[in-house]
Amino acid sequence: MSGAKLTPFRKILIANRGEIALRVMRTAKRLGFETVAVYSTADANARHVREADQAVWIGESQPSQSYLRVDAIVAAAKASGADAVHPGYGFLAENAEFAKACRDTGLVFIGPSPEAIHTMGHKAGAKDIMQKAGVPCVPGYQGEDQSDATMLNAAKRIGFPVMIKAVAGGGGRGMRLVADDASFPDALRAARSEAQNAFGDPTVILERAIVQPRHIEIQVFGDRHGNAIHLGERDCSVQRRHQKLIEEAPSPAVSPELRARMGATAVAAVKAINYEGAGTLEFLLDGAGNYYFMEMNTRLQVEHPVTEAITGLDLVELQLRVATGEPLPLKQEDVRFEGHAIEVRLCAEDAAHNFMPQSGKMLRWHAPSDLRVEDALESGSEIPPFYDSMIAKIISHGATRDEARRKLITGLDRMTALGVTTNQSFLARCLDHPAFAAGQATTAFIAEHSADLSPPKSEDGRHAAVAALLVHVSAIGAVHAQQGLGLAHVYAIPLRFELDSHVVEPTVRRERGDVFKIGIAESEHALALGPRDGDVVHFTSDGVQGAARFVRVGTDLYFSFAGVTSHVRDLSHMAVMKAGAAGSDGKLRASMNGRVVSVLAKAGDIVAAGAPVIVLEAMKMQHVHAAPVSGKLTALNAAEGDQVTTGFVVAEIEAVQDAA
């Protein structure tokens with residue numbers, strides 16, 4: 001292998017979008033490479049398009065019509081004069097046919113060989129290789145017979161709970177945890193459908209579910225000269241829907257001895273297949289210190305910045321150098337770890353409502369300036385419903401784990417993301433939770449502590465009082481619009497608004513100067529307005545100065561106060577609905593912007609309340625929409641393939657007694 005030839009390149013097409021496209025561009029430009037972006041119709045005005053040296057349109061908004069089109073991306077590389085392709089992560093990053101198409105057309109694929117991707121990217125094949133190499137694997141089934149009966153029998157042999165996993169991808173897509181045989185058929189159908197839509201392959205494997213493990217991954221690098229190293233581990237245990245939310249390095253559960261053992265296992269595995277480039281081997285670690293191989297990701301990981309933070313290395317730079325044929329510039333004994341790093345994934349989703357994906361316009365975006373932030377956002381950015389819900393990553397690095405954790409909590413509190421609901425405050429609550437602070441979080445962390453992680457209920461009503469003040473002053477214009485009126489002790493003005501899905505009916509009365517009295521139920525709050533700095537309002541409440549950042553569009557107001565971001569809908573000038581009217585009209589409404597991927601009933605059917613009617617897909621996740629009442633399905637207003645918006649009536653049900 002020492003005679004391996006160099007394959008120099010000059011212009012890199014980045015076959016991805018958003019923050020990872022910008023991340024790759026940053027290093028590529030620093031090293032003197034030209035960059036080419038690709039984009040769908042939905043991303044025509046995106047930052048990664050504007051910041052590349054060139055950009056090429058590759059299709060319509062759906063991933064299958066753009067970012068998953070091998071032919072369009074290869075054609076874009078040829079048209080732009082690119083001689084190399086970086087796949088980022090997601091989309092085609094682990095698609096062996098894409099890597100082969102690049103190689104066959106003379107493009108350098110910045111990643112492993114098509115053969116390595118096929119071998120290790122396919123979960124069933126990877127497990128076979130690991131088992132032959134003596135690496136401990138989770139018991140399971142990865143046979144060719146995918147019939148429903150065979151899969152159910154295999155699940156019973158393995159023993160419940162079992163995990164259904166798509167063979168062709170990751171990121172939680174095509175994955176279901178199944179508790180018993182009764183729920184297995186529905187879970188299998190859903191996993192196959194999701195896998196087909198995400199990866200074009202419905203094949204799944206089964207694994208025994210390891211109860212409350214830690215999710216530990218080892219970062220590896222190989223070159224074409226036969227060298228391979230590991231860069232330590234990352235702990236990715238805090239997850240929802242089997243997708244990571246918080247990652248850190250090093251893991252609080254991994255000792256130096258265990259790190260050495262797991263690292264040696266990972267290096268031996270990649271050497272066995274002559275692996276080239278960046279890769280990650282993922283393991284489950286149980287409470288007794290036993291680890292089991294799950295899968296290998298043959299690409300750069302979303303969470304690579306935490307490894308960069310503690311090693312001081314630029315992993316994208318290593319990718320580019322290895323892709324040109326250079327040997328790895330360091331040996332295993334050269335790898336050093338300093339301090340602790342934690343990353344959180346900011347996602348456009350509603351954590352209070354089962355992490356429902358959100359889309360729309362990010363009206364105000366302000367990232368913390370003292371932390372590393374990977375994003376493609378700016379005020380006014382559109383967040384489309386077609387892609388992954390992750391919109392930014394925030395990374396802190398400290399001398400100790402607790403220092404890194406504190407810095408990240410503070411950064412999240414100071415960050416502004418208004419206009420689209422995100423998991424910003426949920427992430428801060430996770431970081432602040434005693435179990436996480438103690439380094440005890442497993443993959444069951446969110447489920448176990450869901451009550452503690454729920455949005456706090458302000459018993460003194462201060463949050464609602466701030467909302468009332470902002471609704472009032474934003475409705476009349478500038479904050480100081482009332483100054484100079486010369487009126488004090490005026491009549492209380494009644495308001496009515498929805499705050500985070502709860503209706504609040506306060507009164508607002510302006511007294512002397514800029515003091516406002518907010519009445520909510522039996523309590524009253526005095527808020528003294530201070531100066532306004534752009535979209536930041538300063539005020540004093542109960543002798544304590546504070547500030548809130550807000551933006552209002554029509555009846556919708558978004559504000560951030562005391563580390564909590566909220567959405568307010570002003571109902572003051574709307575007719576009050578009669579009690580019982582909402583949710584009982586028989587109309588099934590789309591809970592988010594999304595595409596109809598399955599219709600499970602037909603007009604004329606008698607359905608029971610809670611019966612699945614339609615399945616929507618948004619941001620690569622599927623969500624079943626069930627009948628709100630029992631009755632006759634009188635209308636279906638959407639068909640498979642349709643794109644619908646939040647609130648659209650997808651079905652109508654006429655209540656029938658004893659319909660169930």
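What counts, and where the lines are drawn
- Starting from 1, residues in each chain are numbered consecutively following that chain's sequence as written.
- For this predicted model, a pLDDT threshold of at least 70 governs which residues receive local features, and a threshold of 80 or more governs which side-chain atom pairs are given and counted, while totals over whole chains, interfaces and linings are taken from all residues.
- Side-chain figures throughout are based on the complete set of non-hydrogen atoms in the structure, without hydrogens or water.
- For the purposes of this entry, the term helix denotes a DSSP run of H or I that reaches at least four residues, the term strand denotes a run of E that reaches at least two, and both are numbered from the N terminus.
- Radius of gyration: C-alpha atoms only; globule rule: 2.2 Å multiplied by the number of residues to the exponent 0.38.
- Throughout this description, buried means an accessible area under 20% of the type-specific maximum (1.4 Å probe, protein chains only), exposed means over 50%, and partly exposed covers the range between.
- Using a 1.4 Å probe, the Shrake-Rupley method yields the accessible areas, and only the shown protein chains count as cover for residues.
- The convention is simple: Lys and Arg are positive, Asp and Glu are negative, and His and the chain ends are not counted.
- In this description, the location of a charge corresponds to atom NZ of lysine, CZ of arginine, CG of aspartate or CD of glutamate.
- In short, DSSP must find at least two bridges between two strands for them to pair.
- Contacts: residue pairs with any heavy atoms within 4.5 Å of one another.
- Structural elements are reduced to axes, namely lines fitted to C-alpha atoms, with helices fitted over the stretch in contact, and the angle between N-to-C directions of any two is expressed from 0 to 180 degrees.
- Polar contacts, as counted here, are pairs of nitrogen or oxygen atoms within 3.5 Å of one another; within protein the pair requires one atom able to donate a hydrogen and one able to accept it, and residues that are adjacent in sequence qualify only if both atoms are side-chain atoms.
- Expected span, for any helix, means 1.5 Å times one less than how many residues it has.
- Only centres within 6.5 Å qualify two rings of Phe, Tyr or Trp (six-membered ring in Trp) as a pair; their planes then separate them into stacked at under 30 degrees, edge-to-face at over 60, and tilted for everything else.
- When the NZ atom of lysine or the CZ atom of arginine is within 6 Å of a ring's centre and also within 35 degrees of its normal, the charge is said to sit over that ring.
- Two cysteine sulfurs form what is called a disulfide whenever their separation falls within 2.5 Å.
- What makes a nonpolar core is a set of buried Ala, Val, Leu, Ile, Met, Phe, Trp, Tyr and Cys residues whose side-chain atoms join them at distances within 4.5 Å.
- Criterion for a salt bridge: a side-chain nitrogen of Lys or Arg within 4 Å of a carboxyl oxygen of Asp or Glu.

As a further point, take the overall build of the protein. The helix and strand inventory of the protein stands at 17 helices and 41 strands. Whereas a compact globule of 660 residues would reach a radius of gyration of roughly 26 Å, the protein reaches 27 Å, a difference of no more than 12%. Dimensions of the protein, computed from C-alpha atoms along their principal axes, come out at roughly 85 × 60 × 55 Å. Residues counted as buried form 55% of the 660 residues belonging to the protein. Carbon and sulfur atoms make up 51% of the accessible area of the protein, which amounts to about 27,100 Å² in all. Put simply, the protein has 67 plus and 78 minus side-chain charges, and the middle of one group is 2 Å from the middle of the other.

Glancing now at the sheet that holds strand S35 (residues 594-599). For sheets, the rule is that strands pair by backbone hydrogen bonds, running either parallel or antiparallel. Taken in spatial order, the 4 strands of this open sheet run S38-S37-S35-S40, and their pairing is antiparallel. In this open sheet, the two strands that pair with only one neighbour each are strand S38 (621-626) and strand S40 (643-644).

A few words on the sheet that holds strand S9 (residues 204-208). Read from one edge of the open sheet, 4 strands run S6-S9-S7-S8, paired in antiparallel fashion. The outermost strands of the open sheet, each flanked by one partner alone, are strand S6 (140-141) and strand S8 (175-178). Relative to S9, helix H7 (residues 148-158) is tilted by about 15°, and along the sheet it contacts S6, strand S7 (162-166) and S9.

Considering the arrangement of structural elements, one finds Arg 240 in strand S11 (residues 228-240). With 203 residues separating them in the primary sequence, Arg 240 and Thr 443 have C-alpha atoms 8.5 Å apart. Only 2.8 Å separates the side chain of Arg 240 from the side chain of Glu 349, close enough to count as a polar contact.

Next up on the list: helix H17 (residues 462-475). The end-to-end C-alpha distance of H17, which contains 14 residues, comes to 20 Å, matching closely the 20 Å that a straight helix rising 1.5 Å per residue would cover. Across the 14 residues of H17, 12 count as buried, placing the element largely inside the fold. Residues His 463, Ala 464, Ala 465, Val 466, Ala 467, Ala 468, Leu 469, Leu 470, Val 471, His 472, Val 473 and Ser 474 constitute the buried set of H17.

A few words now on the packing of aromatic side chains. Think of a pair of aromatic rings as described by two things: how far the centres are apart, and how the planes are tilted against each other in angle. Evaluation of the coordinates by the stated rule reveals 12 aromatic pairs. Between Phe 9 and Phe 33, the ring centres sit 5.2 Å apart and the planes meet at 25°, which makes this aromatic pair stacked. Remark: Phe 33 occurs in the loop between helix H1 (18-30) and strand S2 (34-40) and Phe 9 occurs in the segment before strand S1 (11-14); sequence separation between them is 24 residues. Taken individually, Phe 9 and Phe 33 each receive the classification buried, so the pair is uniform in this respect. Judged by centre distance (5.6 Å) and plane angle (45°), the rings of Phe 539 and Phe 561 are tilted. Of this pair, Phe 539 sits in strand S30 (residues 536-541) while Phe 561 sits in strand S32 (residues 556-561), placing them 22 residues apart in sequence. An identical accessibility class is assigned to Phe 539 and Phe 561; each is buried. Its end group placed over the ring of Phe 436, Arg 401 keeps NZ or CZ at 4.6 Å from the ring centre.

To continue, consider the state of the cysteines. Throughout the structure, instances matching the rule amount to 0 disulfides. Free of any disulfide, Cys 347 has its nearest cysteine sulfur in Cys 430, 11 Å distant. Residue Cys 347 is classed as buried on the basis of its relative accessible area, which comes to 2%. Using a relative accessible area of 0% as the deciding quantity, one classes Cys 430 as buried.

Our focus in this paragraph is the nonpolar core. In this structure, Ile 12, Ile 246, Trp 365, Leu 431 and Phe 445 are the most contacted members of the largest nonpolar core, which totals 70 residues. The contact partners of Trp 365, leaving out residues within four places of it in the chain, are Leu 346, Val 373, Asp 375, Leu 377, Glu 378, Ser 379, Ala 392, Met 415, Thr 416 and Ala 417. Core analysis: the second largest hydrophobic core is formed by 28 residues, Tyr 39, Val 74, Phe 98 and Phe 109 among them.

A few words on the pattern of salt bridges. Applying the stated rule across the entire model yields 52 salt bridges. Its salt-bridge partner being Arg 299, residue Glu 94 comes within 2.9 Å of it at the nearest N-O pair. Residue Glu 94 is located in the loop between strand S4 (84-86) and helix H4 (96-104), and its partner Arg 299 is located in the loop between strand S14 (291-297) and helix H10 (304-311); the two are separated by 205 residues in the primary sequence. Among the residues examined, Glu 94 registers a relative accessible area of 22% and is labelled partly exposed. Three or more residues joined by partner-sharing salt bridges are found here, namely Arg 23, Arg 26, Arg 30, Glu 308, Asp 314, Glu 317, Arg 321, Glu 326, Arg 372 and Glu 374.

For Thr 311, the location among the structural elements is in helix H10. Polar side-chain contacts of Thr 311 include one of 2.7 Å to the backbone oxygen of Thr 307. Engagement of the side chain of Thr 311 in a polar contact is seen with the backbone nitrogen of Leu 313, the distance being 3.3 Å.

Here the focus is the side chain of Ser 566. Topologically, Ser 566 is positioned in strand S33 (residues 564-570). Looking at Ser 566, its side chain comes within polar contact range of the side chain of His 463, at 2.9 Å. Among residues more than four places away in sequence, those in contact with Ser 566 are His 463, Leu 499, Asp 500, Leu 557, Tyr 558 and Phe 559.

This part covers helix H13 (residues 424-432). What sets the pattern is the α-helix's 3.6 residues per turn: residues three or four places apart point alike. Extensive coverage of H13 is indicated by the burial of 8 of its 9 residues. Among the residues of H13, those classed as buried are Gln 424, Ser 425, Phe 426, Leu 427, Ala 428, Arg 429, Cys 430 and Leu 431.

Turning next to the pairing of strand S37 (residues 612-618). By the criterion of burial, S37 is predominantly enclosed, with 6 of the 7 residues buried. In this structure, S35 lies alongside S37, joined through 4 bridges in antiparallel fashion. Paired with Val 599 across the bridge in S37 is Ile 614. Sheet topology places S37 next to S38; 6 bridges connect them, and they run antiparallel. Across the sheet, the residue bridging to Ile 614 is His 625, located in S38.

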